[in-house]
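Below, each chain spelled out in residue letters.
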Amino acid sequence: MQRACLRTIVLLIFIIPSIVFSQNSIESLEQLMIRAEGEEQISLMIELGTALIDADQDKSLELGLKAAFLSKRIGNQLQEGNAILLMGKASLVADQPENAIRYFNRALNLFEKNSKRLYQAYALVGIADVYSNELNYSLATSYLTDALAIAHTIDDAPLSLDIHMKLGDIGISMNNYSKAYAEFSSVLKILDEKDILSAAQQQLEAYAHRQLGFIYRNMGSFNQSLAAYRKATNVYSKLGDRRMEIVDVQNIGYSFYLMQEYDSSLVYYNQALAFYRLENDSVSLIAVLLSLGDVFFEKGQYRQAVANYNSSHEIAIRLNRVEDQVTSLVNISRCFNAFGDFPSSQDYLSKALEIARREGLTNSAADVYMYLSQLNELDGKYSKALEFYKLWAELRDSIYSEQSGQKMARMQILYEITQKERENEILRQFNEIGELQLTKTRYQRMVFIVLALFLFAFLVLFWFYYQSKRKEFEKQKETEQRIIELNKALERRMISEIKKQEKQQLLLAQKSKLESLGTLTAGIAHEINQPLGGISMGLDNILLRLSDKTLSDDYLKEKINLMFDNVDRIKKIIEHTRKFSRSHKLASFERVDVNETINSALLMVSAQFKSHSITLNLNLSNTIEPVVADKFKLEQVVLNLLSNAIYAVDEKASTVHNPVEYDKTVEVNTWEDEEFAYISVFDNGRGIKQKDLEKIFDPFFTTKKQDKGTGLGLSISYGFIKDILGDIIVESEEGEFTKFEVKIPKF
């Protein structure tokens, strides 16, 4: 219901104004555009493309490309930016996230170059919409926050309203209700400052109250939820929008249902039922009948519940709404189970399962398997219950893996788009447009003449060709269908193998991390023993002063504070070790301070540097910018390089004739340029043989002794750095030194 309400509001606020352009208006714009020249023609192209953005994205993209090309030719960068912004919006509506984010970033660069603050905010909102559609709410929030700062700076209330609404919806999607509450409250505050609200602003006001009602309801504040929903109904009543008012009537009914005030819930649901029957809205009737059935079920009036579920099932069959059929059958099964009629309950569930399997409704089938497992367990059929539970678990894992894989694949594509590639792609498209226009002008007459001469002959030949080749085409279609089926089977196998490989990679990564932790155990113990020694010495001093009766309050306070400092130090070491050693998960990208990550890694190995008498030279740039990466994976990369460096200098020390003259040294540096941040780890250890350099990043390849390493550390480190579009470069001379340089792109 919440998603349906959101779609309705979006329709009212954004889509309906574009529909004001009638067919005649669009034709008028086209005629004006053809007759116009220069900047006026470009402006009309952008206006027409905006009017067509919901109805014809291809046409809108074509107009945007032409307008961008013409703007670039005359040197009008503002119009060029607006044209590219139109292309981004059209790509977003056409569900082409890669192209959309490419165009929005290009437009943002142009607007920033020309200090067009308002248009910068529009581009930032466009980028946020792409990431929001891809469910990357963290990045979407970041871009919206930047846009909101601009809106506040230029005091643009309509833009601020739009951004607060988007941030509020993202907060609800992330179950961050405190954040969502703050955003929708800001919307109402902005609207309250206005003396008179337009119809569109009143729609926003009602929507904000509705979302606050949803937030209160999910936080368990049902009375506040009811108040918010009633405010929304009052606004819709003033607007004369009875249908939207009824939507919130249903929300009020659901809130009473959650409060277990079932009689009040029935009153509101019956109002909705009467309205939808009067409107002949069968689709909405299904949802209301299911809700009424739920209320009667909770009241223990199972016959009335079955009657409502049966009515929803009949409508769902008539409208061929398969998922609603399954839902109705499952609810009827619940009622028979409450009667104690387990055979009938299982019979309805079997019908629901048959429909779900036939129609490929994986989620619905999984729900039915779980309910069948519970029924068989209640009936004492534990073997059958276990069988259905396993089927449910398999479907659940399959659904999760498929959704996660698709999401990660799409997000990977977005992260692989760099600014340079975006600019090259746009320039290439502009060149293609110019070439097409020149070719079209050059050959247009000739094409029309040829078409006029051969059109009739072509039609005759085509008829005979069609008659003679019809059977051949049919055979070809059958062959193509078989090929498509084979491709689908191959695709399923490939997806399965990729999932297995991803699981293996996760296990290898965790194994490498645990290996690193095992190596560092002694160092961590040493780090903890130092503050423990301080605590012990402090206690001894207190006891000594106590026995001598020379213990003062100031001395006691000083010693206790020192002991608390040591306790805090132990906590930090243990907390950092716990976070680092947690189970390996999919990468969680965030802005990471490179120097802070290096210092965290050094915290875990600093004791080894001291105990092994290794000189550590640390040269970290103070101006280096944060990068986008997984903090703990990047820390694992640094930790692996430091551990390898310690091993290398120790191995060389064991082979030199006079170890006293050999100064074991490890050097860590950070710096940056326009595109990358750099980390280098240098050691004057034993080095790497030239024949081994090209194999050091291979899984399970190691030059260490059998009990010193598995050969996973560098392989996993290399894979992670490549995943974030970076690189690891190694330089080494056997017996002299080794230097690893990590390049991380700045997004």
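Quick caveat, the model's predicted, so the values are computed rather than measured. (Residues numbered from 1 in each chain as written. Predicted model: local features only at pLDDT ≥ 70, side-chain atom pairs only at ≥ 80, totals over all residues. Heavy atoms only, no water.)

### Concerning the overall build of the protein
Summing up its helical and strand segments, the protein has 26 helices and seven strands in all. By the burial criterion, 43% of the 747 residues in the protein qualify as buried. At a minimum sequence separation of 6, the contacts of the protein that also span at least 24 residues come to 64%. About 41,500 Å² of surface is accessible on the protein, with carbon and sulfur atoms providing 53% of the total. (Helix = DSSP H or I, 4+ residues; strand = E, 2+ residues; numbered from the N terminus. Buried < 20%, exposed > 50% of the residue type's maximum accessible area, 1.4 Å probe, protein only. Contact = heavy atoms within 4.5 Å. Areas by Shrake-Rupley, 256 points an atom, 1.4 Å probe, with all protein chains shown as cover.)

### Remarks on the sheet that holds strand β7 (residues 737–745)
What the five strands build is an open sheet, ordered β2-β4-β5-β7-β6; its pairing is mixed. With one partner strand each, in any of the chains shown, β2 (615–619) and β6 (727–733) form the two edges of the open sheet. When strand polarity is set aside, the average angle formed by the axes of neighbouring strands in this sheet is 10°. Of the strands in this sheet, β6 and β7 are in contact with helix α26 (residues 713–723), which crosses β6 at around 140°. (Pairing = 2+ DSSP bridges. Axes fitted to C-alpha atoms, helices over the stretch in contact; angles between N-to-C directions.)

### Remarks on the packing of aromatic side chains
Given two aromatic rings, one states the distance between the centres and the angle between the planes to describe the pair. Under the definition given, this model contains 17 aromatic pairs. Among the aromatic residues, those joined into a ring-pair cluster are Phe297, Tyr302, Phe336, Phe339 and Tyr348. Just above the ring of phenylalanine 297 sits the side chain of arginine 334; from NZ or CZ to the centre is 4.1 Å. Lying across the ring of phenylalanine 676, lysine 743 places its NZ or CZ 4.5 Å from the centre. (Phe/Tyr/Trp six-rings, centres within 6.5 Å; stacked < 30°, edge-to-face > 60°. Lys NZ or Arg CZ within 6 Å of the ring centre and 35° of its normal.)

### Brief notes about the pairing of β6
Residues Ile728, Val730 and Ser732 line the buried face of β6, whereas the alternating positions Asp727, Ile729, Glu731 and Glu733 sit on a face that is not buried. Two elements, β6 and β7, share seven bridges in a ladder whose sense is antiparallel. What sits directly across from glutamate 731, in β7, is lysine 739. The antiparallel hairpin formed by β6 and β7 contains three residues in its connecting segment, where glycine 735 sits at a positive phi of about 85°.

### Quick notes on the nonpolar core
Generally speaking, a soluble globular protein has its nonpolar side chains buried in company with each other. If you look at the biggest cluster of nonpolar residues, it comprises 60 residues, and the most contacted ones within it are Phe184, Leu212, Ile215, Tyr276 and Tyr309. If we ignore the near neighbours within four places in the chain, the residues touching isoleucine 215 are Ile172, Tyr177, Ala180, Tyr181 and Phe184. The next biggest cluster of nonpolar side chains, apart from the first, holds 53 residues, and it includes Ile46, Ala67, Ile84 and Phe111. (Core = buried A, V, L, I, M, F, W, Y, C linked by side-chain atoms within 4.5 Å.)

### Overview of the packing of helix α5 (residues 77–93) against helix α7 (residues 117–133)
Helices that pack against each other are described as a pair by the angle of their axes relative to one another and the distance between those axes. Close contact between α5 and α7 brings their axes to 11 Å; oriented N to C, the two are set at 15°. On the basis of their axis angle, the class for α5 and α7 is roughly parallel. The chirality of how α5 crosses α7 is left-handed. Mapping the contact onto sequence places Leu78, Asn82, Leu85 and Leu92 in α5 and Tyr119, Tyr122, Ala123, Asp129, Val130 and Asn133 in α7. In terms of residue class, the contact of α5 with α7 is made up of seven nonpolar, two polar and one charged. (Parallel < 35°, antiparallel > 145°, perpendicular 65-115°, else oblique. Left-handed = near helix turned anticlockwise from the far one by under 90°. Nonpolar A, V, L, I, M, F, W, Y, C, P; charged D, E, K, R; others polar.)

### As for unusual backbone geometry
Even without being glycine, serine 613 reaches a positive phi, approximately 55°. Note that serine 613 resides in the loop between α23 (594–611) and β2. Unusually for a residue other than glycine, leucine 725 sits at a positive phi of about 70°. By the secondary structure assignment, leucine 725 is in the loop between α26 and β6.

### Here's the deal with the pattern of salt bridges
Using the criterion set out here, one finds 20 salt bridges in the structure. The salt bridge involving lysine 695 is made with aspartate 692; its shortest N-O contact spans 4.0 Å. In this structure, a network of salt bridges that share partners links the residues Lys72, Glu80 and Arg106. (Salt bridge = Lys/Arg side-chain N within 4 Å of Asp/Glu carboxyl O.)

### Digging into the side chain of serine 680
Looking at where serine 680 falls in the secondary structure, it is placed in strand β5 (residues 676–683). Apart from residues lying up to four places away in sequence, serine 680 is in contact with Glu667, Val668, Asn669, Trp671, Lys739, Phe740 and Glu741.

### Observations regarding the environment of phenylalanine 564
Looking at where phenylalanine 564 falls in the secondary structure, it is placed in helix α22 (residues 553–580). Taking the C-alpha atoms as reference points, phenylalanine 564 and isoleucine 535, 29 residues apart in sequence, are found 8.4 Å from one another.

### Concerning the pairing of β5
The buried fraction of β5 amounts to seven of the eight residues, a majority that puts the element mostly inside the structure. Relative to β5, strand β4 (residues 665–672) runs antiparallel, the two sharing seven bridges. Residue pairing across strands places valine 668 opposite valine 681, the latter belonging to β5. Between β4 and β5, which follow one another and run antiparallel, lie three residues. One ladder, built from eight bridges, connects β5 with β7; its direction is antiparallel. In the strand pairing of β7, aspartate 683 is matched with threonine 738.

### Focus: helix α15 (residues 282–299)
Taking 1.5 Å per residue as the helical rise, α15 with its 18 residues ought to reach 26 Å, and the 26 Å between its terminal C-alpha atoms agrees with that figure. Just downstream of α15 lies glycine 300, where phi reads positive at about 85°. (Expected span 1.5 Å × (residues − 1).)

### Thoughts on a nonpolar patch on the surface
Residues Leu455, Phe456, Phe458, Leu459, Val460, Phe462, Trp463, Phe464, Tyr465, Tyr466 and Phe473 make up a contiguous nonpolar surface patch of roughly 1,200 Å² in combined accessible area. Following the sequence through the fold, tryptophan 463 ends up in helix α21 (residues 419–548). (Patch = residues over 30% accessible without salt bridge, like charges linked within 9 Å, V, L, I, M, F, W, Y side chains within 5 Å.)

### A word on the confidence of the model for the protein
For the protein, the mean per-residue pLDDT works out to 79, and 76% of the residues sit at or above 70. Under a pLDDT of 50 for its full length, residues 1–22 has, in the predicted model, 31 contacts with residues more than four places off or in other chains. Below pLDDT 50 for its whole length, residues 398–419 participates in 35 contacts with residues either more than four positions away or in separate chains. (pLDDT = per-residue confidence, 0-100.)

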